[in-house]
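Residue strings, one per chain:
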Amino acid sequence: MTSSATGDPRIGIALGGGSARGLAHIPFIEAMDEMGLRPASIAGTSIGALIGSGWAAGLEGRVIRELAYDMLGSMNSLFGRLLSTHMRSIKQVLAEGLSIQLDAERVVDAFTPIDMPERFSALKIPFACVATDFRSWHQVVYTSGLLKPAIAGSLAIPSLFKPVHFQKRLLVDGGVVNPLPLDCAGDDPDILIGIDVNGDPHDWPSDFVPSALDIGLGSAQIMMHQLTAHMIAAYPPDLYFRPHLRAYGAYEYWRVREIIAASDADKDRFKRELAAKLEAFIGDRQRTP
C-alpha cells in the first residue's frame, strides 16, 4: 500500500538522530515493509538521514539490516572502514597532517551501497535531509540536488567530524537544531510518525565520576531531548516511538546487533498501533460524504 490518488493515507515519517542508537530505526522500516506500506515522505536527521536516504532509495529494511551487520558487526570491520576514510594515502597525510576529525563525506561513501543515487531526484520516495548551518545557526533542509554532501552535513557531529562545506554553507549535525524533524516529514501527511532514538539517561552509579567525554555526550543528549519535546509540541505525531536504548553509547556502532534487537521489541506494537491508525483513517474516509 502506498500513498496515492486511490485514497490511501499519506504517511510521513521522521527518523531522529542518536549516533549509534540510530540503528534502532531499522526494525520500524522492516515493520512497514512487512505491512506492505511505503511512506509518502521521509525526513531524517544525522544517522536518521543516512538510514532514511537508503530507505528512500528503495532499500528494504531487511537489506539495510544486513548491510549494517556486514559493515558494523565487528570492531575490525568498523574501524577498518573508518581508517580507510581517514587515511586515503601517505601522501595526503604528509600534505595535510593527521587530523583526529573524520571526513563526513568519505564516511558516507564508505557506509552506503556503491549504487546509492547521486541526486535527490533519483530517489523513489521524497526525502528531506536536515543539517545545521554553523555560520547562521539555522536549520537547512535539503530536498533536491546532490544527495551525499547533504547527508554528510547532516551527520557531521561537532568535533568528531570536520564541518562540511556545501552550497556556500558550513554544515554540522542536524541534531544541533532539530533532532526529530517532524516539521519536514511531508506536506500535511494523514499519519505522521516520529521515531526518537536519542536514548535515555544513564544509570550512573552513585560514586561514578563521568569523564569529559561522558559529560559532553550526555549534555548533547539532554539538549536533543529538550529540542525534541518542543518539536513534538509544535508538530504532534500520530505515532511516536522511543525505543529503550539506555544501555548503548553514542559511538558503540559495533553493538549493532544488540541495538537492533532492543528496537525489535517495539516492532509488533508499532505494527498494531499503525494498523489501528490506518483502520481509523479508512473508517473516517468512508463516513465522509
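What counts and how
- All residue numbers refer to positions counted from 1 along the written sequence of the respective chain.
- Selection of residues for local features in this predicted model requires a pLDDT of at least 70, selection of side-chain atom pairs for listing and counting requires 80 or more, and totals for whole chains, interfaces and linings are taken over all residues.
- Side-chain measures here rest on the full set of heavy atoms in the structure, leaving out hydrogens and waters.
- Under the scheme used here, helices are H or I runs from DSSP no shorter than 4 residues and strands are E runs no shorter than 2 residues, and both carry numbers assigned from the N terminus.
- Note on classification: 1.4 Å probe, protein chains only; a residue is buried when its accessible area is under 20% of the maximum for its type, exposed when over 50%, partly exposed between these limits.
- The contact criterion used throughout is that any non-hydrogen atoms of two residues lie within 4.5 Å.
- Accessible areas in this description were obtained via Shrake-Rupley with a 1.4 Å probe; residue shielding takes into account the shown protein chains only.
- A pair of Phe, Tyr and Trp rings is counted when the ring centres sit within 6.5 Å of each other, with Trp represented by its six-membered ring. The angle between the planes then sorts it: under 30 degrees is stacked, over 60 is edge-to-face, the rest tilted.
- Here, a charge over a ring is recorded when the distance from Lys NZ or Arg CZ to the ring centre is within 6 Å and its angle to the ring normal is within 35 degrees.
- Here pLDDT means the predictor's own confidence in every residue, given as a number from 0 to 100.
- As used here, the term nonpolar core means buried Ala, Val, Leu, Ile, Met, Phe, Trp, Tyr and Cys residues forming a set that is joined through side-chain atoms within 4.5 Å.
- This arc describes the spread of directions from the helix axis toward the C-beta atoms.
- Fitted lines through C-alpha atoms give the axes, limited to the stretch in contact for helices. The angle between two N-to-C directions lies from 0 to 180 degrees.
- When an angle is under 35 degrees it counts as roughly parallel; over 145 it counts as roughly antiparallel; between 65 and 115 it counts as roughly perpendicular; any other value is oblique.
- Three classes are used, and their members are as follows: Ala, Val, Leu, Ile, Met, Phe, Trp, Tyr, Cys and Pro are nonpolar, Asp, Glu, Lys and Arg are charged, and the others, Gly among them, are polar.

Colleague: With reference to specific residues and values, describe the overall build of the chain.
Modeller: Of regular secondary structure, the chain possesses 10 helices and 8 strands. Counting all 289 residues of the chain, 48% fall into the buried class. Summarising the internal contacts of the chain: among those between residues at least 6 apart in sequence, 76% fall at separations of at least 24. In the form shown here, the chain has an accessible surface area of approximately 14,100 Å², with 56% of it arising from carbon and sulfur atoms.

Colleague: Quick one: what's the story with the packing of aromatic side chains, residue by residue and with numbers?
Modeller: In this structure the tally under the stated criterion is 5 aromatic pairs. Note on Phe-120 and Phe-127: the rings are 5.9 Å apart at their centroids and 20° apart in plane angle, and the pair reads as stacked. Each member of the pair Phe-120 and Phe-127 is classed as buried. Just above the ring of Tyr-69 sits the side chain of Arg-257; from NZ or CZ to the centre is 3.9 Å.

Colleague: Which residues make up the confidence of the model for the chain, and what values go with them?
Modeller: Chain-level pLDDT for the chain is 88 on average; 88% of the residues reach the 70-or-more range. Under a pLDDT of 50 for its full length, residues 1-5 has, in the predicted model, 13 contacts with residues more than four places off or in other chains. Scored below 50 in pLDDT, residues 85-99 shows 16 contacts in the model against residues more than four places distant or in partner chains.

Colleague: Report on the nonpolar core, specifying residues and quantitative values.
Modeller: The biggest cluster of nonpolar side chains holds 66 residues, and the ones touching the most others in it are Leu-23, Phe-127, Tyr-142, Ile-193, Ile-195, Phe-270 and Leu-274. Ignoring any residue separated from it by four or fewer positions in sequence, one finds Tyr-142 in contact with Phe-120, Phe-127, Ala-128, Cys-129, Ala-131, Ala-150, Phe-166, Gln-167, Arg-169 and Leu-171. Formed by 10 residues, the second largest nonpolar core is a distinct cluster that contains Ala-14, Leu-182, Cys-184 and Leu-192.

Colleague: So what's going on with the environment of Arg-135? Residues and values would help.
Modeller: Here Arg-135 is to be found in the loop between strand E3 (127-133) and strand E4 (138-142). Classification of Arg-135 by relative accessible area gives exposed; the value is 54%. Once residues lying within four places of it in the same chain are set aside, the contact partners of Arg-135 are His-165, Lys-168, Arg-169 and Leu-170.

Colleague: Please provide a residue-by-residue account of helix H1 (residues 26-34), values included.
Modeller: Among the 9 residues of H1, 7 are classified as buried, and the element is accordingly described as predominantly covered. Among the residues of H1, Ile-26, Pro-27, Phe-28, Ile-29, Glu-30, Ala-31 and Met-32 are the ones counted as buried. At the exit of H1 stands Gly-36, carrying a positive phi of roughly 75°.

Colleague: Run through helix H9 (residues 256-264), naming residues and quoting values.
Modeller: Three or four residues apart is the spacing at which side chains of an α-helix point the same way, because the helix has 3.6 residues per turn. Taken residue by residue, H9 has Val-256, Ile-259, Ile-260 and Ser-263 as its buried positions. One side of H9 holds all its buried residues, which, seen down the axis, span an arc of 95°. On its buried side, H9 packs onto H1, helix H3 (61-72) and helix H10 (267-287).

Colleague: Describe the side chain of Ser-19, and please don't skip the residues or the numbers.
Modeller: Relative to the assigned elements, Ser-19 resides in the loop between strand E1 (11-15) and H1. Classification of Ser-19 as buried rests on a relative accessible area of 11%. Residues contacting Ser-19, with those up to four places away along its chain left out, are Ile-47, Ile-157, Ala-250, Tyr-251 and Tyr-253.

Colleague: Give me the lowdown on the packing of H3 against H9, citing residues and values where you can.
Modeller: Between H3 and H9, whose axes approach to 9 Å, the crossing angle comes to 150°. Considering their axes alone, H3 and H9 lie roughly antiparallel with respect to each other. Touching Arg-65, Ala-68, Tyr-69 and Leu-72 of H3 are Val-256, Arg-257, Ile-260 and Asp-264, all from H9. Residue classes in the contact of H3 with H9 are distributed as 5 nonpolar, no polar and 3 charged.

Colleague: Residues and numbers for the environment of Asp-203, please.
Modeller: Summarising the element assignment, Asp-203 is placed in the loop between strand E7 (191-195) and helix H8 (212-234). Note: C-alpha distance between Asp-203 and Arg-246 (43 residues apart in sequence) is 8.0 Å.

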